Amino acid sequence: MSPLSSRWRARLPWLLVAFALVLRLAFAASQGLNRPLPSGSDEVEYDAYAWSLAQGNGYRGMSPDVSDQHHLTAYRPPGPSLVYAAVYLVAGHRPAVVRVLNCLLSALACLLIIAVGRRTVGETAGFLAAGAWAIWPMSIFLSGALYSEQLALIALLALVLAALRFGEQPTLRTALIAGLILGGNLLVHPSRLFLLPFFGIWVLVQFRKSFRTVALASLIAIVAGVMLVPWIVRNERVFHAFVPFSTMGGSVLLQGNNRIVATDPEYLGYNVWDTEIPEYRAALQAPNNELERDRVAKQFATEWMAANRDKLMPMAVAKIRRGWTPFLQPHTAALQRYGMMLSWGPVLLLMLLAFGPLLWRYLRTGHPGWILHLVILHIVVINVMFFGYARYRYVVEPYCLLLAAAAVMWLLHRRGISAAEQLPRA
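Structure report, in brief. Starting afresh in each chain, residues are numbered from 1 along the sequence in its written order. Since the coordinates come from a predicted model, pLDDT governs what is reported: local features require at least 70, and pairs of side-chain atoms require 80 or more to be given and counted, while whole-chain, interface and lining totals use all residues. Working from all heavy atoms in the structure, the side-chain values ignore hydrogens and water.

1. A look at unusual backbone geometry
The backbone of Asp65 shows a phi angle near 65°, a positive value even though the residue is not glycine. Helix and strand definitions here come from DSSP, where helices need a minimum of 4 consecutive H or I residues and strands a minimum of 2 consecutive E residues; each element is numbered from the N-terminal end. With respect to the helices and strands, Asp65 occurs in the loop between strand S1 (60–61) and strand S2 (71–72). For each residue, the accessible area found with a 1.4 Å probe, counting protein chains only, is set against the maximum for its type, and the residue is called buried under 20%, exposed over 50%, and partly exposed in between. Take Asp65: its relative accessible area is 27%, and that puts it in the partly exposed class. One non-glycine residue, His240, lies in positive phi territory at about 55°. Take His240: it is sitting in the loop between helix H10 (211–239) and helix H11 (249–256).

Printed below as a string of structure tokens:
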């Protein structure tokens, strides 16, 4: 029995959501809900695509080094702009309303964190993690922006919850739901593609004794693939090429794998914009076509990695360190540096304390909760492939909080404090 009374179990999630929403709206308002979108930012691109869609002009806008700033594009995946376009259809071209929506999504994440926590680390630890999320500085900071992070966060939490439900009750219905949510994830943020191998490992190990369940789980990938078909067909018509996600993968690969990030201590493990690399600039700017530009960038990146294999391992270590450190660069604003150190620092330590023991326990007992570990690890793979970036880590921070909360509960139990509860049984 949870130490929380039934009344508080019903009310506390919504109190946390309300508290989290107030904090996010207050911060967004302090920055200016109606402030102009930063020139040359991700926000400008998502907004342009969304407004074009809302006006019935198709998925059009800008992309790097293409002179036509209103061309048919696939530079970014369509999910965020489709959602923002729906907002603009109702509210008009008002980015402030999207900022409010993102604040709400970030606050509603508390409910999903609690739901995932109930099925993995226990209800009390789930509430503890959700409470931490309500005041989480990174979440508050990102909530008022037109990035894709809040949608990606909610989509991934929903996917993990759907996977856990499938793990508990592998039926056609739970498989279909998980497949639809996986497809939504890929349309919002194609980096979820790197989760698929880990998800496959989870299915094969978790259900190794049931061929029927493994076969049923394959339906999840099939449904997700079907959801991508309209976007793929559209891109085939526009570019006469197979573009399943976006036309920025090669550029991002080059940004994180080049001579500057390998030799300059300021950029080691991080990224530099590809056209700021002198030897690549002219070739990247020449095509005036986003698909060809991305192909050129990918070719440069793969050639550089093949010619510098000795640098890849040190860079991988630097990328992981850069992506997971609680210590931001000295030029970052002091408030952001201290906020990151005081929030992420303790959580990182507690998460690492719980990571191995919880993984062992889940595997030993057959509990599906070790999907949390795999979700966290897929970001490490993204770091190694591309570069370390706190925004990449953001979508898995709720699972880090859940593991950290489990560590806190274990420490309380060690001290004989009765609030600690046992982990859920498989």
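Anyway, onward from the coordinates.
2. A short note on the packing of aromatic side chains
Within 6.5 Å between ring centres, the rings of Phe, Tyr and Trp (the latter by its six-membered ring) count as paired, and their orientation is classed by plane angle as stacked under 30 degrees, edge-to-face over 60, tilted in between. One pass over the full model with this rule turns up 16 aromatic pairs. What links up through ring pairs into an aromatic cluster is the set Phe166, Phe199, Trp202 and Phe207. Here, a charge over a ring means that NZ of Lys or CZ of Arg falls within 6 Å of the ring centre while also lying within 35 degrees of the ring normal. When the ring centre of Tyr147 is taken as reference, the NZ or CZ atom of Arg391 above it lies at 3.9 Å. Sitting over the face of the ring of Trp344, Arg393 holds its NZ or CZ atom 4.2 Å from the ring centroid.

3. Concerning the side chain of Asn271
Secondary-structure assignment places Asn271 in the loop between helix H12 (259–263) and helix H13 (278–285). Classification of Asn271 as buried rests on a relative accessible area of 14%. We define a polar contact as two N or O atoms separated by no more than 3.5 Å, with the added condition that, inside protein, one atom must be a possible hydrogen donor and the other a possible acceptor, whereas residues neighbouring each other in sequence contribute only through side-chain atom pairs. Here Gln255 takes part through its side chain, which lies 3.0 Å from a polar atom of the side chain of Asn271. Contacts are assigned to residue pairs that have any heavy atoms within 4.5 Å of one another. The contact partners of Asn271, leaving out residues within four places of it in the chain, are Gln255, Gly256, Val261 and Phe387.

4. Considerations on a nonpolar patch on the surface
On the surface, Ile201, Leu204, Val205 and Leu363 cluster together to form a nonpolar patch covering roughly 320 Å² of accessible area. Considering every element that reaches the nonpolar patch, the biggest residue donor is helix H9 (residues 196–206), with three residues. Checked against the element boundaries, Leu204 lands in helix H9. A residue counts toward a patch only above 30% relative accessible area and without a salt bridge, and it is joined to like-charged neighbours within 9 Å or, for Val, Leu, Ile, Met, Phe, Trp and Tyr, to nonpolar neighbours within 5 Å. Every accessible area reported is derived by Shrake-Rupley at a probe size of 1.4 Å, with residue values counting cover from the shown protein chains alone. A pair is scored as a salt bridge if a Lys or Arg side-chain nitrogen falls within 4 Å of a carboxyl oxygen belonging to Asp or Glu.

5. With respect to the pattern of salt bridges
Considering all chains together, one arrives at eleven salt bridges under this definition. Between Asp42 and Arg391 there is a salt bridge, and its shortest N-O distance comes to 3.1 Å. Taken together, the residues span a long stretch of sequence, with Asp42 in helix H2 (residues 42–54) and Arg391 in helix H18 (residues 390–394) at a distance of 349 residues. For Arg391, a relative accessible area of 13% translates into the label buried. Residues Arg119 and Glu168 are paired through a salt bridge, measuring 3.5 Å at the closest nitrogen-oxygen approach. In this pair, Arg119 is assigned in helix H4 (residues 95–120) and Glu168 in helix H7 (residues 149–168), connecting sequence segments 49 residues apart. On the accessibility criterion, Arg119 (22% relative accessible area) is partly exposed. Accessibility expressed as a relative area gives 47% for Glu168, which makes it partly exposed. A cluster of three or more residues bridged by salt bridges with shared partners is formed by Asp42, Glu45, Arg76, Glu149 and Arg391.

6. Topic: helix H14 (residues 290–307)
For a helix, the expected span equals 1.5 Å multiplied by the residue count minus one. In a regular helix each residue adds 1.5 Å, so 18 residues correspond to 26 Å; H14 covers 26 Å between its end C-alpha atoms and thus fits that length. Residues of H14 that are buried in the fold lie against S2, H10, H11, H12, H13 and helix H15 (309–324). If you check the start of H14, you find a side-chain oxygen 3.0 Å away from the backbone N of Leu291, and it comes from Asn289.

7. Some details on the side chain of Asp274
Relative to the elements of secondary structure, Asp274 occurs in the loop between H12 and H13. Reaching out from Asp274, the side chain makes a polar contact with the side chain of Ser251 at a distance of 2.6 Å. Other than its neighbours up to four places away in sequence, Asp274 contacts Ser251, Leu254, Gln255, Tyr280, Leu284, Arg293 and Ala297.

8. Focus on the nonpolar core
Joining through side-chain atoms within 4.5 Å is the link that ties buried Ala, Val, Leu, Ile, Met, Phe, Trp, Tyr and Cys residues into a set, and such a set is a nonpolar core. In terms of nonpolar packing, the biggest core is built from 130 residues, with Trp133, Leu156, Val160, Trp202, Trp344 and Tyr399 touching the most fellow members. Top contributing element to this core by residue count: H7, with 13 residues. When sequence neighbours within four positions are dropped, the list of residues in contact with Trp133 reads Arg24, Ser106, Ala109, Cys110, Ile113, Ser139, Leu153, Tyr394, Glu397, Pro398 and Leu401.

9. Considering the packing of helix H16 (residues 334–365) against helix H17 (residues 371–385)
In this description, a line fitted to the C-alpha atoms serves as the axis of each element, helices being fitted only across the stretch in contact, and the angle between N-to-C directions of two axes falls anywhere from 0 to 180 degrees. Where H16 meets H17, the closest approach of the two axes is 9 Å, and the angle between their N-to-C directions is 130°. Here H16 lies oblique to H17, going by the angle between them. From H16, Phe355, Leu358, Leu359 and Tyr362 reach across to H17, where they touch His373, Ile376 and Leu377. Taken together, the residues of the contact of H16 with H17 break down into six nonpolar, one polar and no charged. Here the angle decides the label: under 35 degrees means roughly parallel, over 145 means roughly antiparallel, 65 to 115 means roughly perpendicular, and every other value means oblique. Classification convention: Asp, Glu, Lys, Arg as charged; Ala, Val, Leu, Ile, Met, Phe, Trp, Tyr, Cys, Pro as nonpolar; all other residues, Gly among them, as polar.

10. Focus on the packing of helix H3 (residues 79–91) against H4
Packing of H3 against H4 brings their axes to within 9 Å, and their N-to-C directions diverge by 125°. Relative to H4, H3 is oriented oblique. In terms of crossing hand, the pair formed by H3 and H4 is right-handed. On the side of H3, the interface is formed by Val83, Tyr84, Val87, Tyr88 and Ala91, while H4 contributes Pro95, Val97, Val98, Leu101 and Asn102. When its residues are assigned to classes, the contact of H3 with H4 shows nine nonpolar, one polar and no charged. Each crossing gets its hand from how the near helix is turned against the far one by less than a right angle, where anticlockwise is left-handed and clockwise is right-handed.

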